[in-house]
Amino acid sequence: MKYLFALFALGVCALASKWTPDDVLMTESAGDMQISRDGKLAVWVKSQMDREKGEAVSNIVLRYLDSDTEVQLTRGQDNNSSPRFSLDGKRIAFLSSRKTAGEPQPKEEAKGQQAWMIDVRGGEAWQVTKFERGVHALAWLDGDTLLLAAPEDASLYDIQVKERKDTSNVVDDEDHAPPVRLFRYDVKKSTATRLTDNADRIERISVSPDGLWAVTTHDRSLRYIYDQKVRPATWLHDLKNNTHEQLYSDYKTLVGQVAWSPDSKGFYFTSPYTTHPLYVNASIEQLHYYELADRRTYLLAREWERGVGGTIAATPGGVLAVLANGARMKPALLTRTGDSWALNWITGEHAGNIFSAVTAMDGGTLLYQYSTASVPGQWYRASLNGASIDQPKAITALNESFGKQPIAKSELVYWKGARDEDVEGILSYPHDYQAGKKYPLMVMIHGGPHGADHDAFSERWAYPVQLFAQRGAFVFRPNYHGSSSYGLKWGESISGGNYNELEWIDVEKGVDSLIAKGLVDPDKLGVMGWSNGSIITIELTTRTTRYKAASAGAGDVNWTSDWGNAVFGRSFDDYYFGKSVLEDPQLYIQKSPLFRMDKVRTPTIIFFGTEDKQVPTEQGWQHYRALQQLGNTDVRFILFPGEAHGPRKLVHQRRKVEEELAWFDKYLFRTLPDRNEALKPESPLAAALALKKAGDTPETVQRGDLHIGRFEVTRAQFATFDSAYRFAAGTEAYPATGVTFGQAKAYCEWLGKKTGGKYRLGTEEEMTAHLKPGKSENTLDHWAGYAVNSDDARKLASLVEGLGPGALLRPVGSFAGNGDEPIYDLGGNAAEWVVTKTGEGKAIGGSADRPADEKSPIAPRPDYIGFRVVRESN
């Protein structure tokens, strides 16, 4: 695998297959990795878009770490999450939205997930809880007891609202928001005992290894995200004595990640640090240790000013922390001696690009996620010897198809930004890059703004890097002022009124630097972004006309309305602008690009979900109407019904990517073909037009590593090679059948000499996956009017023969094609010659004289055997 990706990074991908939007949208991911106490098993959540459901689903996967054995424990279209090993490692508790088989389905969809359990040896999972409003979080206390965070059952108020079928929504209705509390759950007895009577909502729980302590974090205000006035609380629970103690009651320390020490004497945690007295927006994540014995908190890794950027994992002697380091991470092992922790940098093959890590109880086994911008991410198992990672071995095999596709070479780039400071970004090269040539540039701007693009492989609907690199463009991802992972000063640099004063200049200067290096064609620039990336994109279109096309997804144009309408309006706007709109409305107008739309000349496509509360949908309407009514440039507005801040449905994600690609193909790459909306690409009419255009030379279409003939070679095409080949008038477009294996090979050789290309027959190994009888194609099933089995096929054989040679054949492309760039008759019409491993000829695939049943042993008649060409890449 490493060898393949190394080849891709060098651009050696002549035989690789093209990327499609679905390759991006169907990406697999692995998360919530857990390791059993004995270090022998790992369990994780595999997430991927489900084509049938049209949304992402998540399933639980078990891995035996001492072998290559992997078992997917759950399947189907339910969402499964939060897998947790029992203390003895024999069972896994998890949360799931599934329903118990055989039970009647409720009239209303159940809210939330329930706790389920499964044996690591396999078998059916069984439902553990039946809480009215589901379960939010779980952890093991001992061999038969779970600790759960779950909402309380419906109150009388809730019941009456439901009975009235009242769907009204009272905003910030704190009095009637159901509290989320702690419950002790006896698995054997199926009984729950309430442990807390809090009125707020527990969001996270973390239990000590001995099961005697728990840390919980609580959301205390429904409007916290809006104004950040009532901060979350942290509680420590003594589960043995059933006592509860609030930690950090001054609310200055907000507990994030929690990792208990293996001896249960304390826990490590992260907490955001900012200089702002109220708002926690731009911050660094500081690392702390809380000691149970004396209730003392220690601040760790003071010397590292960029804070924690990834996960933390406790070890017997300290903690492994993935520290922020710009576009890359810097994992460190902090070893405790008395009241101090010594920082030692992790070394090893993958150390610079580890983003997440978990450790076994003994600290000797390490699981970590490794990736670069040119190497798709995988999880690895390794030994942790001191601060050294030894003997890493991949334990996941995600996105194996990427091994057959070109992946852009990438590198970190640097330039001087708005304040003459170094700015870092990621540059991905065109797939067909040749030194000395200039290429188009696609600028992809991350959201946040307190986020960052990392040197990690990321293909998603919002930023499909490979689809643009495949089009021959550089892809540039700048980490502008305000980005995370670069320290507090950098993150806070755009607050207090500096918002959108530095970021767009950073981007512009980065683009200038690439032009100055001779890499980029200055007349072929495009820009895109989602959320804050869209905001900067919009700003750029009001500042310059040099971008030929722009894509703006969920971006603000009018800050005066955003303050009240956005879910985090006040906390975001007050922090970054320094004042509220009530204090200085003119400032908000000055910051709003809506009032500078008359300067825009860049063709812009706009995307929004109709239920977006983070950047309210009316922002998109204002952007669209302003450009439309001013009439200075082309604009297109796409709304995704029912979607929030980003599309979750497959059909909407696909529409976003396809619309976006077409927009840039039209305005940036100038390659968008003229399409007739009434013409279905895979239709017989489209086939007839394609066949006419191809003429005497068979057209080929890429499928994986192969360039396969779009059609079977026609009689007219074959006759240009063999003048003795005879066929009835009017059948020129029929497949050339009655051709021997030797004649088919000779045709390919002749075609190569004629065109200067290299043509051949496909091998049996190559073509078996493509040439399969199709039930909707020209097979005997079509003519008989039903699915013909082998016995009936024999009974019909004499009737078919009596019709005359090839009587059931039809012109190539008469039946619907296969794929976005359709190939026709792969499953019918004529069987096709391929080359076996021994070099002999073999006719495979469906044909009009045989049923579609792949189990049928009936061989095709010679007058139903033809061939199609395979063209080799230059």
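Our subject is the structure that appears above.
Let me sum up the structure you'll find in this document. These figures come from a predicted structure and were not determined experimentally.

## A word on the sheet that holds strand 42 (residues 865-866)
Within a sheet, each strand pairs with its neighbour through backbone hydrogen bonds, oriented either parallel or antiparallel.
Here is step 1: An order of 41-40-42 is seen for the three strands of this open sheet, with the pairing classed as mixed. Strands with a single pairing partner mark the edges of an open sheet, and in this sheet they are strand 41 (841-844) and strand 42.
Here is step 2: Relative to strand 42, strand 40 (residues 831-835) is paired through two bridges, and the arrangement is parallel. If you follow Ala831 over to strand 42, its bridge partner there is Ile865.

## Notes on the environment of Gln619
Here is step 1: Within the secondary structure, Gln619 sits in helix 12 (residues 618-630).
Here is step 2: Polar side-chain contacts of Gln619 include one of 2.8 Å to the backbone nitrogen of Val557.

## Concerning the packing of helix 7 (residues 503-516) against helix 8 (residues 532-543)
Here is step 1: In contact at an axis separation of 9 Å, helix 7 and helix 8 are set at 70 degrees when each is read in the N-to-C sense. Taken together, helix 7 and helix 8 sit at an angle that is classed as roughly perpendicular. Contact residues: helix 7 offers Glu503, Trp504, Val507 and Glu508, while helix 8 offers Ile536, Glu539, Leu540 and Arg543.
Here is step 2: By residue class, the composition of the contact of helix 7 with helix 8 is four nonpolar, no polar and four charged.

## Description of the pairing of strand 16 (residues 243-247)
Here is step 1: By the bridge criterion, five bridges tie strand 15 (residues 233-238) to strand 16 in an arrangement that is antiparallel. Within strand 16, the position partnered with Asp238 by the bridge is Thr243.
Here is step 2: In textbook terms, the turn of a hairpin is the stretch between consecutive antiparallel strands, and for strand 15 and strand 16 this stretch comprises four residues, one of which, Asn242, has a positive phi near 55 degrees.

## Quick word on the pattern of salt bridges
Here is step 1: Per the counting criterion, the structure on display carries 45 salt bridges.
Here is step 2: For Asp227, the salt bridge goes to Arg223, with nearest N and O atoms at 2.8 Å.
Here is step 3: The exposure class of Arg223 is partly exposed, given its relative accessible area of 38%.
Here is step 4: The salt bridge partner of Arg546 is Glu508, with a shortest N-O separation of 2.9 Å. With Arg546 in the loop between helix 8 and strand 34 (547-553) and Glu508 in helix 7, this residue pair connects regions lying 38 residues apart in the sequence.

## Structural notes on the packing of aromatic side chains
Here is step 1: Under the defined criterion, the tally for this structure stands at 55 aromatic pairs.
Here is step 2: Between Phe741 and Trp833, the ring centres sit 5.8 Å apart and the planes meet at 55 degrees, which makes this aromatic pair tilted. Residue Phe741 is located in helix 16 (residues 741-755), and its partner Trp833 is located in strand 40; the two are separated by 92 residues in the primary sequence. Trp833 carries the same exposure label as Phe741, and that label is buried.
Here is step 3: Put simply, the rings of Tyr499, Trp559, Phe568, Phe572, Tyr575, Tyr576, Phe577 and Tyr588 pair up and form one aromatic cluster.
Here is step 4: One Lys or Arg, Lys330, reaches over the ring of Trp345 and ends 4.6 Å from the middle of that ring.

Reading the values: the criteria
- Residues numbered from 1 in each chain as written.
- Predicted model: local features only at pLDDT ≥ 70, side-chain atom pairs only at ≥ 80, totals over all residues.
- Heavy atoms only, no water.
- Pairing = 2+ DSSP bridges.
- Helix = DSSP H or I, 4+ residues; strand = E, 2+ residues; numbered from the N terminus.
- Polar contact = N/O pair within 3.5 Å; in protein donor to acceptor, adjacent residues only side chain to side chain.
- Axes fitted to C-alpha atoms, helices over the stretch in contact; angles between N-to-C directions.
- Parallel < 35°, antiparallel > 145°, perpendicular 65-115°, else oblique.
- Contact = heavy atoms within 4.5 Å.
- Nonpolar A, V, L, I, M, F, W, Y, C, P; charged D, E, K, R; others polar.
- Salt bridge = Lys/Arg side-chain N within 4 Å of Asp/Glu carboxyl O.
- Buried < 20%, exposed > 50% of the residue type's maximum accessible area, 1.4 Å probe, protein only.
- Phe/Tyr/Trp six-rings, centres within 6.5 Å; stacked < 30°, edge-to-face > 60°.
- Lys NZ or Arg CZ within 6 Å of the ring centre and 35° of its normal.

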